[in-house]
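# Topology and contacts: notes
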Amino acid sequence: MPNKEDKKKGLIIMLLSAAVFIFLFSYFNLSGAKISNENIPLLLKALFTVAVLIFGLWFGLYFTSGKKIAAQIGGGLTIFMLITFVIGFLIH
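Quick caveat: nothing in here was measured; it's all calculated off a predicted structure. (Residues numbered from 1 in each chain as written. Predicted model: local features only at pLDDT ≥ 70, side-chain atom pairs only at ≥ 80, totals over all residues. Heavy atoms only, no water.)

### Some thoughts on the pattern of salt bridges
- A complete count under the given rule lists one salt bridge for this structure.
- The residue glutamate 5 makes a salt bridge to lysine 9 at a minimum N-O spacing of 3.9 Å. Pair noted here: glutamate 5 and lysine 9 are both in helix α1 (residues 4-27), with a separation of four residues, about one helical turn.
- Judged by its relative accessible area of 54%, glutamate 5 is exposed.
- Of the residues examined, lysine 9 reaches a relative accessible area of 38% and is grouped as partly exposed. (Salt bridge = Lys/Arg side-chain N within 4 Å of Asp/Glu carboxyl O. Helix = DSSP H or I, 4+ residues; strand = E, 2+ residues; numbered from the N terminus. Buried < 20%, exposed > 50% of the residue type's maximum accessible area, 1.4 Å probe, protein only.)

Listed below in structure tokens is the structure:
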């Protein structure tokens, strides 16, 4: 079971990853951007931006809850992210 110091580290990591996600989202101008198969650099920027959020949440959950829950939630989010990107790429 994680102690209080590890829970504080996990919370700081989660909040920091959310702040970095918001910063990168605005820095790369992804709000309302059209991502198509001709615009691969924008697709990679979007993938990188979402990956920062998912990895930050995974490490935060690892410190606050433990390895098992972090693997379940982080793995589920990663699979969900990949499926949504593939479906979005195929629909577009």
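### Overview of the side chain of threonine 64
- Structurally, the position occupied by threonine 64 is in helix α2 (residues 40-64).
- Given a relative accessible area of 16%, threonine 64 falls into the buried group.
- Leave out the neighbours within four places in its chain, and threonine 64 touches Pro2, Asp6, Lys7, Gly10, Leu11 and Met14. (Contact = heavy atoms within 4.5 Å.)

### A look at the nonpolar core
- Counting five residues, the largest nonpolar core consists of Leu24, Phe28, Leu30, Leu42 and Ala46.
- Setting aside chain neighbours within four positions, we find leucine 24 in contact with Phe48, Thr49 and Val52. (Core = buried A, V, L, I, M, F, W, Y, C linked by side-chain atoms within 4.5 Å.)

### A word on unusual backbone geometry
- Even without being a glycine, asparagine 29 presents a positive backbone phi close to 55 degrees.
- Looking at the element boundaries, asparagine 29 is found in the loop between α1 and α2.

### Points about the packing of aromatic side chains
- Scanning all chains against the criterion turns up six aromatic pairs.
- A ring pair is formed by phenylalanine 23 and tyrosine 27, whose centres lie 5.8 Å apart and whose planes are at 20 degrees; its orientation type is stacked. Taken together, the positions of phenylalanine 23 and tyrosine 27, both in helix α1 and four residues apart, correspond to about one turn of that helix.
- Among the residues examined, tyrosine 27 registers a relative accessible area of 55% and is labelled exposed.
- Consider the rings of tryptophan 58 and tyrosine 62, whose centres lie 5.6 Å apart with planes at 20 degrees: the pair is stacked. Of the two residues, tryptophan 58 and tyrosine 62 both sit in helix α2, four residues apart, roughly one turn of that helix.
- Exposure remark for tyrosine 62: the relative accessible area of 34% places this residue in the partly exposed category. (Phe/Tyr/Trp six-rings, centres within 6.5 Å; stacked < 30°, edge-to-face > 60°.)

### Comments concerning the side chain of serine 17
- One can find serine 17 in helix α1.
- In this structure serine 17 touches Val52, Leu53, Gly56 and Leu57, once residues within four positions along its chain are discounted.

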